[in-house]
Structures are given as C-alpha cells and as structure tokens.
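Residues per chain are reported as follows:
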Amino acid sequence: MAPAGLTPSRQAAPDLAAHMLEIAADLVGPVRRGIPFVAATVTSVAGSAPRQPGSSLVVDADGTVLGNVSGGCVDAAVHDTCRDMLAGDRQARALRFGYSDADAFDVGLTCGGTIELLLRHHDPTTEPWLASALADAAGGRAVAVATIVRGPETHLGRAIVVRPGRSVGGTLGDELLDQVAEARTIGALHAGRTGTLELGVADSYCREPMTLLVESSSPPPRMLVFGAIDHAAALARLGSFLGCRVTVCDARATFATPERFPDAEVVVEWPHRYLGSQAEAGLLDRRTVVCVLTHDPKFDLPLLTAALRMPVAYVGAMGSRRTHEERLTRLREAGLTQGELDRLHSPIGLDLGARTPQETALSIAAEVVAHRHGGSGAPLSTGVPIHHSAPSTGALAFSS
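- As recorded in an unreviewed UniProt entry, the protein goes by the name XdhC family protein, listed as coming from Streptomyces labedae.

### Some details on the overall build of the protein
Part 1 of the reasoning: When helices and strands are counted, the protein shows 11 helices and 17 strands.
Part 2 of the reasoning: Evaluated residue by residue, the protein yields a buried proportion of 49% over its 400 residues.
Part 3 of the reasoning: Put simply, of all contacts in the protein between residues at least 6 apart along the chain, 61% involve residues at least 24 apart.
Part 4 of the reasoning: Accessible surface, the protein: about 17500 Å² in total, of which carbon and sulfur atoms supply 51%.

### Concerning the pattern of salt bridges
Part 1 of the reasoning: Inspection of the entire model under this criterion finds 15 salt bridges.
Part 2 of the reasoning: With its nearest N and O atoms 3.6 Å apart, the salt bridge here joins glutamate 116 to arginine 150. Separated by 34 residues along the polypeptide, glutamate 116 in strand 6 (residues 114–122) and arginine 150 in strand 7 (residues 143–150) bring together distant segments of the chain.
Part 3 of the reasoning: For glutamate 116, a relative accessible area of 26% puts it in the partly exposed group.
Part 4 of the reasoning: A salt bridge links aspartate 263 to arginine 237; the shortest N-O distance between them is 3.3 Å. Here aspartate 263, found in the loop between strand 13 (245–250) and strand 14 (265–268), pairs with arginine 237, found in helix 6 (residues 230–241); they are 26 residues apart in sequence, far enough to count as distant.
Part 5 of the reasoning: You can call arginine 237 exposed: its relative accessible area is 56%.

### Details of the sheet that holds strand 5 (residues 93–98)
Part 1 of the reasoning: Strand order in the open sheet made by the 5 strands is 4-3-2-6-5, with antiparallel pairing throughout. Each edge of the open sheet is held by one strand with a lone partner, namely strand 4 (65–67) and strand 5. Ignoring which end each strand starts from, the neighbouring axes of this sheet average 20° apart.
Part 2 of the reasoning: As defined by bridge partners, strand 2 (residues 37–46) adjoins strand 3 (residues 56–60) across 5 bridges and the pair is classed as antiparallel. Residue pairing in the sheet places alanine 40 in a bridge with leucine 57 of strand 3.

### Things to note about the pairing of strand 12 (residues 222–226)
Part 1 of the reasoning: Of all 5 residues in strand 12, 5 are buried; the element is thus mostly enclosed.
Part 2 of the reasoning: Residues of strand 12 alternate between two faces, with Arg222, Leu224 and Phe226 on one and Met223 and Val225 on the opposite face, all of them buried.
Part 3 of the reasoning: Alignment of strand 12 against strand 13, held across 5 bridges, turns out to be parallel. Looking at the pairing, leucine 224 lines up with threonine 247 of strand 13.
Part 4 of the reasoning: A crossover links strand 12 with its parallel partner strand 13, the connecting element being helix 6, and its sense is right-handed.
Part 5 of the reasoning: Where strand 12 and strand 15 (residues 289–292) come together, 4 bridges link them in parallel fashion.

### A look at helix 1 (residues 24–32)
Part 1 of the reasoning: All of the buried residues in helix 1 are Ala24, Leu27, Val28, Pro30 and Val31.
Part 2 of the reasoning: Against strand 2, strand 3, strand 4 and helix 4 (129–138) lie the buried residues of helix 1.
Part 3 of the reasoning: Phi for glycine 34, located one or two positions after helix 1, is positive at around 80°.

### Points about unusual backbone geometry
Part 1 of the reasoning: Residues serine 346 and proline 347 are joined by a peptide bond in cis, for which omega reads -10°.
Part 2 of the reasoning: Counting through the fold element by element, proline 347 comes out in the loop between strand 17 (344–345) and helix 11 (357–373).
Part 3 of the reasoning: Positioned with a positive phi, histidine 295 is a non-glycine residue whose angle comes to about 60°.
Part 4 of the reasoning: Its location among the elements puts histidine 295 in the loop between strand 15 and helix 8 (297–307).

Thresholds, definitions, all that
- Residues numbered from 1 in each chain as written.
- Predicted model: local features only at pLDDT ≥ 70, side-chain atom pairs only at ≥ 80, totals over all residues.
- Heavy atoms only, no water.
- Helix = DSSP H or I, 4+ residues; strand = E, 2+ residues; numbered from the N terminus.
- Buried < 20%, exposed > 50% of the residue type's maximum accessible area, 1.4 Å probe, protein only.
- Contact = heavy atoms within 4.5 Å.
- Areas by Shrake-Rupley, 256 points an atom, 1.4 Å probe, with all protein chains shown as cover.
- Salt bridge = Lys/Arg side-chain N within 4 Å of Asp/Glu carboxyl O.
- Pairing = 2+ DSSP bridges.
- Axes fitted to C-alpha atoms, helices over the stretch in contact; angles between N-to-C directions.
- Right-handed = clockwise from strand over helix to strand, strands pointing away.

Below, the structure written as structure tokens:
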C-alpha cells in the first residue's frame, strides 16, 4: 500500500470537537499532577457522521470530561467505556458506531453515518513526553502527536511527539518506522493539519499497513490585509472570528491606527516591504492569506509581484474587472508567469451581491473558506457535497 495523504479534520473550538492538543490548556494541569486519563479519539468517519478524525473526548481519573466525539450522539457510551478503562484494562481499544448497528438508536447515532474511535489510556508517570507536548500546545508552540490507530495489536496506541524539525519523545516500536512517521508528521505540522496518514509496506518500513492519527497544534494561520479602509476593518473582524491572526498594513499612518482596527495588529509600512520582511523572518506559511485592498498601483503591483511568488495559501486583490485586466497586464510586464497569475483571486470574493463593507468582507471570507476546503461556493441545495476533503496539496488550514 503506497503512503497516502492526510485525511483532513475539522478545526474546532476546544469545548466542541477539539482534538487532544486543542484542549491542552485544560489538560496540562492534571497531567503535571500525574492524573491518568483516557482519550477517545475519532479515527475514521463515513457518511454524515457528526465529527471528523482527531475529535476527542477525554475523561480523567478525577471524573473531569473534556471535549466530545459526536456532538452528543454517542458521547455517553464512549464516556462509560473510558471510565471502565480507567478502572481496569489499559490496553488501547477500538470502538465503532454506525447507523446500521442494532444499538444505533440506543446511543443516539441516527444521522446516517459511521464513526470509529480509538481509546487510549495515558499515564503521565510512564509517558514523560506527554506533559511537555501539552505544555507546548497550551503555550501556542508548534507540536504534533502521531499515534498508531490501525495496525498490529502490538503497536496500537503507540505514539511519538514531534516538534518542527525533530522527534522529541515516544516511539512507535521501531526506529525506522519512527523516522518515516516523523518525516510525515513534520509535514502535517507545518501545514497545521490534523488527520490520518496511511503507512504502507511497499517501502519496507512496516510489515503490515498502519494508520497514524496525526494531531497537530500550530500557531493560528495569518491573514494579512493590505489597505487601511473600511472593508479592511470588516474583514479583520471576520478573519479574527475565523481564528486567524490578522494584520492590517498600510503605508499611511493617518489611516493605519489601532483605533480603526481593534481586531488586528496594525503596521505602518510599505506593503511589499512588510510582506518581504515577514517572509524573510519565516513568519509566513502555506496557510497564510493575503488580501490586497489598497486600490493603488504603486502599492498593489510590487506587493502582488512578491505575494504571487510566495508559497502562501491565498492571494486576492480588490478592484473592478477593468482594474483587474490592467493589473494583469502590468504584472505580466513585471515578469510574472501565467501559472503565478493563475493564483490571483481577482476581483476578490464570491458573488453574494455584496454592497456594504461588511457584506464585501463576508464575500471575501467565504471565498477564503471555500478555497481552504475545496468548496465550489455553490448553494448546497443544488446537490453539491456537504462535506469536502482538503485538496491534495498537503495543507489543511489553507491549501495552496
């Protein structure tokens, strides 16, 4: 079986469908005190199952419950099994709930899907890497945990912890397997991605197929908004609501003030210079969104020339169709290739009939989300898929 890409998971608030690292702030204290816990984690879904791979429910020995795995459908049954594991057998085990199962209505899974989970018993006294991984996640530092969720029983539940550039704890049971998993996990971590990763036998690093669940915790993706206009204020608010770290940049100090943009950090600098400085500092990645709202060629052209050559997720520019055509001509004259120009979303946003800055910001945010998940932007009532897998580029939070 050839190695495959990561299956995406939903990014969610910690009190909803969070994975273990997303509830680290609540979990790190008990772990430091040595309190054992069981994490029940979604490893596979099919149909209209309510949660995606990585969603976790955690029950500790003090009875504290964090997160959920079904939006309420099967949480009670999973909770009972977690309590049983805390009181008895600590061996990792798999659970499956499906609409066709006889007990589907008993547990409440009537949504027509199937959900598979892995339950893992964690003892902080025997897993020294656990507290540091949770501390990193709680502190906003990049870290990932890769766990074998399908494969040989002797390996089920084994995990490694990875930080950017290296593995820092745990083992999957074999040095070569650790190295391969580390390389794949680092890629997922850089993309800010949580999901499953298939390891095959073709490359001789495992004797039978295995599935890793990679749980990543990364700093928030960045949204860079250029042009200190009313549309930028509305977009900054939406970007912040979507979980981005938003920066508004403009060379005009009169307009670029913190008072006008309370939902963003504000930078007074020539846009292309600021973008270049952020790239040189390694502060941009394949999740970064660049929105150019400046409406001024002296700002737009050098900024777009730089942005379209960077490995960021999304580059959009505001303007009329006439402005767009003139802009493309000037960018070609600046030496951009057709492939680079094809990355430009211009005029920016989806057709919502927007009129106000707030409505325009909504159309931009909608296009960003659609691009992020490979959505069409079409009404769901037309029969398009409700749930999408991420594009095959390897990035989750925002794919390039």
